[in-house]
Amino acid sequence: MLCLPVTALGQAAGTDIDALAAELAELRERLAELETLRDRVAELEVQLAEARTGSIGPEGGSMAVPEFEEEPGDGVTLGGALRFNLYWNDYQEPVEETRGVGAFDLFRIGGEGSIGDFLLSAEYRFYSYMNVLHHGWVGYEFDDDARLEFGVT
């Protein structure tokens, strides 16, 4: 048979109960924080769903989504280029002294694209000695095999 003093048993149990009570209090605090976070996540999920359907704007106001049917490939693309040349001739004294000559060669700007069945394409070039329309036309595409173009093609 095992005999333990009552005071020793009571002190050990009291220490364990205090530790368990402290841990329980800490877990209740964390649970309250998690419930607050869960509610916030639910709010954000609702806002995200509304934003995806277009019923609210970025600042919470209502936002109407414009209905615009765009055919595949519609749009106009703009582009251009700027080109310089650097050359060196060993038979010219001024060029030999400067280790080459750099000069403006070309500035080009243009655009092309389609809007529905209407087509367009244009390019204008600026050289150091002249400016010229390389091409510029508008057209209409009747089907994949037939189209009409007006302008400099």
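Calculation criteria
Residues numbered from 1 in each chain as written. Predicted model: local features only at pLDDT ≥ 70, side-chain atom pairs only at ≥ 80, totals over all residues. Heavy atoms only, no water. Phe/Tyr/Trp six-rings, centres within 6.5 Å; stacked < 30°, edge-to-face > 60°. Helix = DSSP H or I, 4+ residues; strand = E, 2+ residues; numbered from the N terminus. Buried < 20%, exposed > 50% of the residue type's maximum accessible area, 1.4 Å probe, protein only. Salt bridge = Lys/Arg side-chain N within 4 Å of Asp/Glu carboxyl O. Pairing = 2+ DSSP bridges. Axes fitted to C-alpha atoms, helices over the stretch in contact; angles between N-to-C directions. pLDDT = per-residue confidence, 0-100. Polar contact = N/O pair within 3.5 Å; in protein donor to acceptor, adjacent residues only side chain to side chain. Contact = heavy atoms within 4.5 Å.

**A short note on the packing of aromatic side chains**
Item 1. Overall, the coordinates contain 6 aromatic pairs when judged by the stated rule.
Item 2. Residues F84 and F104 carry aromatic rings whose centres are separated by 6.2 Å and whose planes lie at 75° to one another, so their mutual orientation is edge-to-face. One end of the pair, F84, is in strand β1 (residues 75-87); the other, F104, is in strand β2 (residues 101-115), and 20 residues separate them in sequence.
Item 3. Taking the relative accessible area as the measure of exposure, F104 reaches 32% and is therefore partly exposed.

**Description of the pattern of salt bridges**
Think of it this way: side chains of opposite charge can pair up when their charged atoms draw near.
Item 1. Scanning all chains against the criterion turns up 4 salt bridges.
Item 2. In this structure, R83 and D105 form a salt bridge, with 2.6 Å as the shortest nitrogen-oxygen distance. One end of the pair, R83, is in strand β1; the other, D105, is in strand β2, and 22 residues separate them in sequence.

**Observations regarding the sheet that holds strand β3 (residues 118-127)**
Item 1. Spatially, β1-β2-β3-β4-β5 is the arrangement adopted by the 5 strands of the open sheet, whose pairing is antiparallel. On the outer flanks of this sheet lie β1 and β5 (146-152), each paired with one strand and no other. In this sheet, neighbouring strand axes are inclined to one another by 15° on average, regardless of whether the strands run parallel or antiparallel.
Item 2. The sheet contact formed by β1 and β2 spans 13 bridges and is antiparallel. By the bridge assignment for β2, G79 is matched with G110.

**Some thoughts on the pairing of β3**
Item 1. Here β3 shows one buried face, formed by L119, S121, E123, R125 and Y127, and one open face, formed by F118, L120, A122, Y124 and F126.
Item 2. Note: β2 against β3, 10 bridges, orientation antiparallel. Across the sheet, residue E112 finds its bridge partner in β3, namely S121.
Item 3. Relative to strand β4 (residues 131-143), β3 runs antiparallel, the two sharing 9 bridges. Bridging across to β4, L119 finds its partner in G139.
Item 4. The antiparallel pairing of β3 with β4 creates a hairpin that spans 3 residues between the two strands.

**Digging into the confidence of the model for the protein chain**
Item 1. Scored by pLDDT, the protein chain comes out at a mean of 79, with 71% of its residues at no less than 70.
Item 2. The secondary-structure element of the protein chain with the lowest mean pLDDT is helix α2 (residues 93-98), recorded at 59, while β3 shows the highest, at 94.

**Looking at the side chain of R125**
Item 1. Tracing the sequence through the fold places R125 in strand β3.
Item 2. Here E123 takes part through its side chain, which lies 2.5 Å from a polar atom of the side chain of R125.
Item 3. Polar contacts involving the side chain of R125 include one to the side chain of Y127, which spans 3.2 Å.
Item 4. In this structure R125 touches L106, F107, R108, M130, N131, V132 and H134, once residues within four positions along its chain are discounted.

**Quick notes on the environment of D143**
Item 1. With respect to the helices and strands, D143 occurs in strand β4.
Item 2. We classify D143 as partly exposed; its relative accessible area is 42%.
Item 3. Sequence spacing of D143 and D117 is 26 residues, and the spatial spacing of their C-alpha atoms is 8.5 Å.
Item 4. Within the structure, D143 has its side chain in polar contact with the backbone nitrogen of D145 (distance 2.8 Å).
Item 5. In terms of polar contacts, D143 uses its side chain to reach the backbone amide nitrogen of A146, at 2.8 Å.

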